[in-house]
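# Coordinate inspection notes
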Amino acid sequence: MSDNIQKVTVLSKTTWTPNLFSFTVSRPDSFKFTAGQFVRLGVNPSQLKYYKQLSAVADTDDDDEELDETLDEDIFRAYSIVSSPFDEVLEFFSIVIPDGAFTSQLQHLEVGDELLLNTMPFGFLTLARYQKPLPKDLWLLATGTGLAPFLSMLQDLKTWEDYEHIIIAYSARSTEELAYIEKIESLQEDFGSLVDNPAKLIFIPIITREPVEGALTERLPKLLLDGTLQERAGIALDVDSTHVMLCGNPDMVEDTKETLKRLGLVMNRRGEGNIAVENYW
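Residues numbered from 1 in each chain as written. Predicted model: local features only at pLDDT ≥ 70, side-chain atom pairs only at ≥ 80, totals over all residues. Heavy atoms only, no water.

### Some remarks on the overall build of the chain
Where we set the bar: In this text, helices come from DSSP runs of H or I with a minimum length of four residues, and strands from runs of E with a minimum of two, each type numbered from the N-terminal end. Put simply, the radius of gyration uses C-alpha atoms, and a globule should come to 2.2 Å times the residue count raised to 0.38. Classification of residues uses two cut-offs on accessible area relative to the type maximum, computed with a 1.4 Å probe and protein chains only: under 20% is buried, over 50% is exposed, and between them is partly exposed. Contacts were defined at the residue level, with two residues in contact if any of their heavy atoms lie within 4.5 Å. Areas reported as accessible are Shrake-Rupley estimates using a 1.4 Å probe. Residue values count occlusion only from the protein chains shown. When charges are counted, neither His nor the chain ends are considered; positive counts come from Lys and Arg and negative counts from Asp and Glu. We put the charge of a Lys on NZ, of an Arg on CZ, of an Asp on CG and of a Glu on CD.
When helices and strands are counted, the chain shows eight helices and eleven strands. A globule of 281 residues ought to have a C-alpha radius of gyration of about 19 Å, and the chain, at 20 Å, matches this closely. Oriented by its inertia axes, the alpha-carbon framework of the chain measures out at about 70 × 45 × 35 Å. Taken over 281 residues, the chain has a buried fraction of 52%. The contacts of the chain with a sequence gap of at least 6 include a subset with a gap of at least 24, amounting to 76%. Put simply, the chain shows about 14000 Å² of open surface, and 47% of that area lies on carbon and sulfur atoms. Once the 24 positive and 46 negative side-chain charges of the chain are each reduced to a mean point, those two points are 10 Å apart.

Structure below.
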């Protein structure tokens, strides 16, 4: 096993919908990361309690069938970290892809299972990338599990110190898929209250497949292009004061990025510019 790979233990699991869940694991003492970064998590399905139980049943079966040999191999995938860089545990937010080699196995996680963590963090979806324009308005635009890196940033006090306004627009298909709502609604008090002159958090829920009072219903690109999102936030997009981060469904990221460019914002390169995206999917 590589020196960068360490075993971590599953400490808790939260099921949001049949296809969405979160889980926490132990954090190696030496592991450090910056809010917004991702890591590579590994699972060997044959080592999960779920498959050990199936194997035990198979051993007593008259047909003497054996489990698929492909289950006994390490599978790694990239995952953004939900938790703060200062938390004692690591939290992740996952979608179940029925035919996915990784998530179709990860859905069987139970407390006490072991996963593999590559302790080298990756990614540049971090606030440190913004050198110009100086921080004023931070827009965090997410769909689905793309919310994860933004929750990490919003549990870092420096985020609240550096900005005047933080707008988090979070889009899902249904109310049930809009996870972490209670956490989002408590962020201002739990973290903003710990600094002098904190940013004002503006939360805009978006639910695209059912009408819900108080939520917007269109896709992010349309909401931006017709000004609905800016109007709801009460904040304009400005090339001289706006930082925008995108994470989530690749189609959303691409379409929203192009929409923002049409509205006059520019990609962040070498520390300058408005728009930052994550492309580890």
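Now that the structure has been shown, the text picks up again.
### A closer look at the sheet that holds strand β10 (residues 242-247)
In plain terms, the rule: In short, DSSP must find at least two bridges between two strands for them to pair. The convention used is that axes are lines fitted to C-alpha atoms, helices contributing only their stretch in contact, and that angles between N-to-C directions extend from 0 to 180 degrees.
As summarised here, the arrangement of the five strands in space is β9-β8-β7-β10-β11, forming an open sheet in which the pairing is parallel. The open sheet has two edge strands with one neighbour each: β9 (200-207) and β11 (275-277). Averaged over all adjacent pairs, the angle separating strand axes in this sheet is 15°, with direction ignored. Where strand β7 (residues 137-143) lies against strand β8 (residues 165-172), seven bridges are found, and the strand directions are parallel. Each residue of the ladder has a partner; that of Thr143, found in β8, is Ser171.

### Some thoughts on the sheet that holds strand β4 (residues 75-80)
Taken together, the six strands give an open sheet; going across it, the order is β4-β3-β6-β1-β2-β5, and neighbouring strands pair in antiparallel fashion. The open sheet terminates on both sides in strands that have one partner only, identified here as β4 and β5 (89-95). The mean inter-strand angle of the sheet, taken between neighbouring strand axes irrespective of direction, is 40°. With six bridges joining them, strand β1 (residues 5-17) and strand β2 (residues 20-26) adopt antiparallel strand pairing. Bridge pairing in β2 links Thr14 to Ser22.

### Remarks on the nonpolar core
For clarity, the threshold we go by: Nonpolar core, defined: a set of buried Ala, Val, Leu, Ile, Met, Phe, Trp, Tyr and Cys residues in which side-chain atoms within 4.5 Å join the residues together.
Leu140, Trp160, Ile166 and Met245 are the most contacted members of the largest nonpolar core, which has 36 residues in total. Put simply, the parts of the chain that give this core at least two residues each are β7, α3 (148-153), β8, α5 (181-190), β9 and β10.

### What about the pattern of salt bridges?
For clarity, the threshold we go by: A pair is scored as a salt bridge if a Lys or Arg side-chain nitrogen falls within 4 Å of a carboxyl oxygen belonging to Asp or Glu.
Scanning the entire structure with this criterion turns up seven salt bridges. Between Lys222 and Asp226 there is a salt bridge; the shortest N-O distance is 3.3 Å. Judged by relative accessible area, which is 43%, Lys222 ranks as partly exposed. On the basis of relative accessibility, which here comes to 43%, the residue Asp226 falls in the partly exposed class.

### Things to note about the pairing of β5
For β5, a buried count of five out of seven residues is recorded, marking the element as mostly surrounded by other parts of the structure. Inspection of the sheet shows β2 paired to β5 by seven bridges, in the antiparallel sense. Bridge pairing in β5 links Leu20 to Ile95.

### Let's talk about the environment of Thr208
Within the secondary structure, Thr208 sits in the loop between β9 and α6 (220-225). Using a relative accessible area of 31% as the deciding quantity, one classes Thr208 as partly exposed. Spatially, the C-alpha atom of Thr208 lies 32 Å from that of Pro133, the residues being 75 residues apart in sequence.

### Observations regarding the packing of aromatic side chains
Worth spelling out the cut-off: Only Phe, Tyr and Trp rings are paired, with Trp represented by its six-membered ring, and only when their centres lie within 6.5 Å; those with planes under 30 degrees apart are stacked, over 60 edge-to-face, the remainder tilted. Note on geometry: a ring has a charge over it if NZ (lysine) or CZ (arginine) is within 6 Å of the ring centre and within 35 degrees of the ring normal.
Tallying each qualifying case throughout the model produces eight aromatic pairs. Ring geometry for Phe23 versus Tyr79: centroids 6.4 Å apart, planes at 65°, classification edge-to-face. Of the two residues, Phe23 is situated in strand β2 and Tyr79 in strand β4; the sequence distance between them amounts to 56 residues. The exposure class of Phe23 is buried, given its relative accessible area of 1%. A relative accessible area of 7% places Tyr79 in the buried class. An aromatic cluster is defined as three or more aromatic residues linked by ring pairs; in this entry it consists of Phe21, Phe23, Tyr79 and Phe92. Positioned above the aromatic ring of Phe21 is the side chain of Lys13, whose terminal nitrogen or guanidinium carbon lies 5.1 Å from the ring centre.

### Concerning the layout of surface pockets
To keep it simple, the criterion reads: For each structure, a 1 Å grid was placed over the protein atoms alone; sets of points admitting a 1.4 Å probe that cannot get out are labelled cavities, open sets with protein on both sides within 12 Å along at least five of seven lines are labelled pockets, and lining residues have an atom within 4 Å of a point. Grid points are joined across faces, edges and corners, and a volume is the space filled by probe spheres set on the points. Gly counts as polar in this scheme, as do all residues outside two lists: the nonpolar Ala, Val, Leu, Ile, Met, Phe, Trp, Tyr, Cys and Pro, and the charged Asp, Glu, Lys and Arg.
There is about 270 Å³ of room inside the second largest pocket. In this structure, the second largest pocket is lined by 14 residues; those nearest its centre are Leu127, Ala128, Asp156, Lys158 and Asp162. No other element matches helix α4 (residues 157-162), which puts three residues into the lining of the second largest pocket. Looking at the lining of the second largest pocket, its residues break down into seven nonpolar, four polar and three charged.

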